[in-house]
Amino acid sequence: MEESGAARPGFFRRVTTPAPIHDLAVIGAGPAGAAAAYHAARAGLRVALLDRAEFPRDKICGDGLTGRAVQELRRLELEEAVRRRGARIDRFDLRAPLGRVAALLQDAGSPGYAYVLPRRQLDAMLVERAVEAGATLLTPCEVRGWEDAGTALRLSVETPAGVTAVSARQVILATGAHSGLALRMRLLKRKPRSMVAIRQYVAAPGGPGDTWHLHFSPATLPGYGWIFPTGDGGANVGVGLEHRRGSVSLPELLRQYLHSREARRLLGDAAPRSAARSFPLRCDFLASPLIAPRILIAGEAAGLVNPLTGEGIDYALESGRLAAEHAVRIVAGESGAAAAYAASLHDHYARLFAFSERLRGWCGNPWGVSALALGAMARPRLKNRLVGILLGDAPVPERADVARLARALWQG
Ligand SMILES: Cc1cc2nc3c(=O)[nH]c(=O)nc-3n(C[C@H](O)[C@H](O)[C@H](O)COP(=O)(O)OP(=O)(O)OC[C@H]3O[C@@H](n4cnc5c(N)ncnc54)[C@H](O)[C@@H]3O)c2cc1C
């Protein structure tokens, strides 16, 4: 028994006739998977989009959409809908123990603004776009594994009605930070290196306006805190860090941050609107597998989360599109298209991730991040370039390294 036919969010249709082999099965309907399904369906592939969750669903996230994400939302014809529902961001404000980097996004690169939109809304909109483009949505469907079926992969899929199979010539794996399936199928040899972050929605009477606030402060170091306005009188607040800080639990770290001077200045008492919840972030792109036989890996499943800022929606949308473009070439029989996909991900991200990892090293201690902030304050041109790179709006220059950047910040 296999599935077939069009599906709507939250609707899994079982039929008794054998389903066709799909050209493409996309596992995971977050930003990477939904974007991949949209672009592949638009290009004429028969696409199945599977997720173990039903939509709309929450995803623990800061909900920040960088300028780079905005460019992708335009390709999906979704920017207008995001603008109507989300908060527009025009400023960036990073505070270190000594010094501060305040910038107008319009000075930091294209397109010069960003948004915040809760993932519950964003992801449902993306999935809807993929279905409108012709993809078949199958939820709740957890992919448990797959086997080679000659000309296709046969996915073993768990649904509320039992275990079934979905077959496809090509697969895009877009399962985010959930690494269980990739580990089980030996795509990953060991548990990948992760950061971890905690998020809570709070009331923000009177603030924090149109600004993204990042704090590398005594309350958060070696991690960072963020306060992003959600545009509805509230804010998304969180703390992210590479490793748990000593014996302090993440909820305790968030509590300390909410009581810090910088958070209280922006939020006052910050009455909670949701429970605080934590989640891992995979930022190991430089070590992650990107392809396997009949499989392209996209988004956070390929480790595409910025090791400094923790953002990854933009890279998820981009890599989902790139995966779709290469899946079209593979299905058309072009040899070498899978390797070309891996090469294109390297072209897009290797330099940025190497640079951000080194910068992360500096920003994890009070002196490093203060030195960068003080230098940036004194050199507006370099400050804007730095903010542009951080938010993905400006390219990382060739041979960029952090020591050179720090020297430039200090010497002009
Ligand atoms: C606390 C926190 C704050 C963050 N803040 C930001 C931010 O402000 N801006 C930003 O750009 N990024 C942020 N990120 C990162 C961002 O959330 C991720 O990079 C992004 O969600 C990756 O998208 P994705 O599509 O690759 O994966 P996901 O969005 O995680 O989607 C993966 C999907 O796969 C499904 N799935 C998993 N396993 C299976 C399976 N076996 N079968 C079927 N379906 C499966 C899941 O249900 C899920 O829907 C943050 C992350 C965290 C944890």
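See the structure above.
These numbers were taken from a predicted model, which means no experiment stands behind them.

### Things to note about the overall build of the chain
- A tally of helices and strands in the chain yields 12 helices and 18 strands.
- Relative to its length of 412 residues, the chain is compact, with a C-alpha radius of gyration of 21 Å against a globular reference of 22 Å.
- Oriented by its inertia axes, the alpha-carbon framework of the chain measures out at about 65 × 45 × 40 Å.
- A total of 412 residues make up the chain; the buried ones form 51% of that total.
- A separation of at least 24 residues holds for 72% of the contacts in the chain among residues at least 6 apart in sequence.

### Some details on the site of the ligand
- Near the ligand, the surroundings consist of 40 residues, among which Gly30, Gly62, Gly176, Gly299 and Gly312 are the closest.
- Those elements giving two or more residues to the shell around the ligand turn out to be helix 1 (31-42), strand 9 (142-148), strand 12 (194-203), strand 16 (277-282) and helix 8 (313-331).
- For the shell around the ligand, the per-class residue count stands at 19 nonpolar, 12 polar and nine charged.

### A look at the environment of Tyr224
- Position of Tyr224 among the secondary structure elements: in strand 14 (residues 224-229).
- For Tyr224, a count of 26 C-beta atoms within 10 Å translates into the label buried.
- Distance in space between the C-alpha atoms of Tyr224 and Gly238 is 8.4 Å, their sequence separation being 14 residues.
- Apart from residues no more than four positions distant in its own chain, Tyr224 is found in contact with Leu214, His215, Phe216 and Gly240.

### As for helix 6 (residues 250-258)
- Residues of helix 6 that are buried include every one of Leu250, Leu253, Leu254, Tyr257 and Leu258, and no others. Seen along its axis, helix 6 keeps its buried residues to an arc of 135°; they face one direction.

### Considering the sheet that holds strand 7 (residues 114-116)
- Reading across the sheet, the three strands line up as 3-7-4 and stay open at both edges, with antiparallel pairing between neighbours. Each of the sheet's edge strands pairs with one partner strand only, and the pair in question is strand 3 (64-65) and strand 4 (87-89).
- Of the pairings in the sheet, the one linking strand 4 to strand 7 comprises three bridges and is antiparallel in character. Within the sheet, the bridge partner assigned to Ala87 lies in strand 7 and is Val116.

### Things to note about unusual backbone geometry
- The step from Phe55 to Pro56 runs through a cis peptide bond, and the omega angle for that step is 0°.
- For Pro56, the location among the structural elements is in the loop between strand 2 (47-50) and strand 3.
- Residue Pro222 is reached from Leu221 by a cis peptide bond, and omega for that bond is 10°.
- For Pro222, the location among the structural elements is in the loop between strand 13 (211-215) and strand 14.
- Of note, the phi angle at Asp63 is positive, near 70°, even though the residue is not glycine.

### Side note on the sheet that holds strand 14
- An order of 6-5-13-14-15-12-16 is seen for the seven strands of this open sheet, with the pairing classed as mixed. Where the open sheet ends on each side, the last strands, each with one partner, are strand 6 (100-104) and strand 16. Across the sheet, the mean angle from the axis of one strand to that of its neighbour is 20°, orientation sign disregarded.
- When strand 5 (residues 91-95) meets strand 13, the two strands line up parallel, connected through five bridges. Opposite Asp93, over in strand 13, you have His213 as the bridge partner.
- Sitting on the sheet, helix 10 (residues 366-378) touches strand 5 and strand 6, and the angle it makes with strand 6 is about 45°.
- Taken strand by strand, helix 11 (residues 380-390) contacts strand 5 and strand 6, and its axis lies near 80° from that of strand 6.

Criteria and cut-off values
- Residues numbered from 1 in each chain as written.
- Predicted model: local features only at pLDDT ≥ 70, side-chain atom pairs only at ≥ 80, totals over all residues.
- Helix = DSSP H or I, 4+ residues; strand = E, 2+ residues; numbered from the N terminus.
- Rg over C-alpha atoms; globule rule 2.2 N^0.38 Å.
- Buried ≥ 20, exposed ≤ 12 C-beta atoms within 10 Å, placed from the backbone.
- Contact = placed C-beta atoms within 7 Å.
- Near = placed C-beta within 6 Å.
- Nonpolar A, V, L, I, M, F, W, Y, C, P; charged D, E, K, R; others polar.
- Arc of directions from axis to C-beta.
- Pairing = 2+ DSSP bridges.
- Axes fitted to C-alpha atoms, helices over the stretch in contact; angles between N-to-C directions.

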